[in-house]
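Read off the chains here:
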Amino acid sequence: RSSGNVTDERLVVQTGASKLAFSEAVRGFDGPMGAHARAGDRTLLFVYFSGHSDGKHLQLGDELLPFKEVRDLVASSPATLKVLVVDSCQSGGLTGIKGIVPTPDVDVWLRGQTTASGMVIVTASSVGEVAQESVELGGSYFTHHLLWGLRGAADFDQDQRVTLGEAYRYAYRATVDGTWHTLAGRQHPTIELMLD
């Protein structure tokens with residue numbers, strides 16, 4: 001709630017949600033998003049999940065929600081831009097990123113471009129990796145660094161705005177650097193861009 005100036009009527013927070021509750025929460029925004037779309041307005045659906053996964057499913061209590069269903073659920077939203085962020089072990093299965101391949105810096109959209117539409121998936125770890133937590137940070141390496149970046153640390157160009165590209169780049173580097181000394185080894189966030 002402290003990032004993005006999101007009002008309470010535009011925010012749903014769930015803990016210990018079932019598959020049905022999770023799906024209904026995401027679909028609950030379809031009506032308002034659709035109305036805004038018909039009016040020609042641009043909309044953003046931002047879904048953040050922190051919990052457990054087995055590399056193929058989100059674990060919601062005793063239930064398993066297949067990654068394909070998660071992707072389809074978010075993709076079916078009438079929002080102009082859909083962003084799915086998943087902080088869980090083996091969450092890279094959502095993006096299909098296997099192993100570590102060096103890539104250039106990611107720019108999700110160019111400065112001044114306000115017409116980005118489609119879907120972006122960001123995960124805390126690649127396929128086969130655990131999503132690590134830190135006692136010193138008081139939680140997840142990835143979420144800590146993502147939030148720190150969104151609060152200003154990722155404003156690389158000093159324009160007082162943090163783009164998704166800047167936030168991801170910051171969280172990626174800080175997560176990899178912050179986990180080099182752990183027993184599990186370096187953790188590598190992933191990103192998949194499906195933008196029009």
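What comes next is a walk through the structure. (Residues numbered from 1 in each chain as written. Predicted model: local features only at pLDDT ≥ 70, side-chain atom pairs only at ≥ 80, totals over all residues. Heavy atoms only, no water.)

1. Focus: the pairing of strand S5 (residues 81-87)
Of all seven residues in S5, seven are buried, a share of seventy percent or more. Neither face of S5 is left uncovered, since the one carrying Leu81, Val83, Val85 and Asp87 and the one carrying Lys82, Leu84 and Val86 both have all their residues buried. Where strand S1 (residues 44-50) lies against S5, seven bridges are found, and the strand directions are parallel. Residue pairing across strands places Tyr48 opposite Val85, the latter belonging to S5. Across six bridges, the pairing between S5 and strand S6 (residues 118-123) is parallel. Bridge pairing links Val85 to Val122 in S6. (Buried < 20%, exposed > 50% of the residue type's maximum accessible area, 1.4 Å probe, protein only. Helix = DSSP H or I, 4+ residues; strand = E, 2+ residues; numbered from the N terminus. Pairing = 2+ DSSP bridges.)

2. Structural notes on the environment of Ser18
Position of Ser18 relative to the elements: it lies in the segment before helix H1 (19-27). In sequence terms Ser18 and Gln59 are 41 residues apart; their C-alpha atoms lie 9.0 Å from each other. Beyond its immediate stretch of four places on either side in the chain, Ser18 contacts Leu60 and Glu63. (Contact = heavy atoms within 4.5 Å.)

3. Considering the nonpolar core
One finds Phe22, Leu45, Val47, Leu58 and Leu84 to be the most contacted residues of the largest nonpolar core, which totals 20 residues. Residue assignment for this core shows that the elements contributing at least two residues are H1, S1, strand S3 (57-60), helix H3 (67-75), S5 and S6. By residue number, the principal contributor to this core is H3, which donates four residues. If we ignore the near neighbours within four places in the chain, the residues touching Leu45 are Val26, Phe29, Met33, Val74, Ser77, Ala79, Leu81, Lys82 and Val83. Counting residues in each nonpolar core, the second largest holds 14 residues, with Ala124, Leu164, Ala171 and Ile191 among its members. (Core = buried A, V, L, I, M, F, W, Y, C linked by side-chain atoms within 4.5 Å.)

4. Thoughts on the pairing of strand S4 (residues 63-66)
With four bridges connecting them, S3 and S4 associate as antiparallel partners. Considered in S4, the bridge of Leu58 is made with Leu65. Counting the residues in the hairpin turn of S3 and S4 gives two residues, including Gly61, whose phi is positive at 65°.

5. Brief notes about the sheet that holds S6
If you walk across this open sheet you meet the four strands as S1-S5-S6-S9, and the pairing is mixed. Each edge of the open sheet carries a strand with a single partner, namely S1 and strand S9 (190-195). Neighbouring strand axes in the sheet, compared pairwise and without regard to direction, differ in orientation by 5° on average. Bridging between S6 and S9 involves six bridges; their strand directions are antiparallel. Paired with Gly118 across the bridge in S9 is Leu195. (Axes fitted to C-alpha atoms, helices over the stretch in contact; angles between N-to-C directions.)

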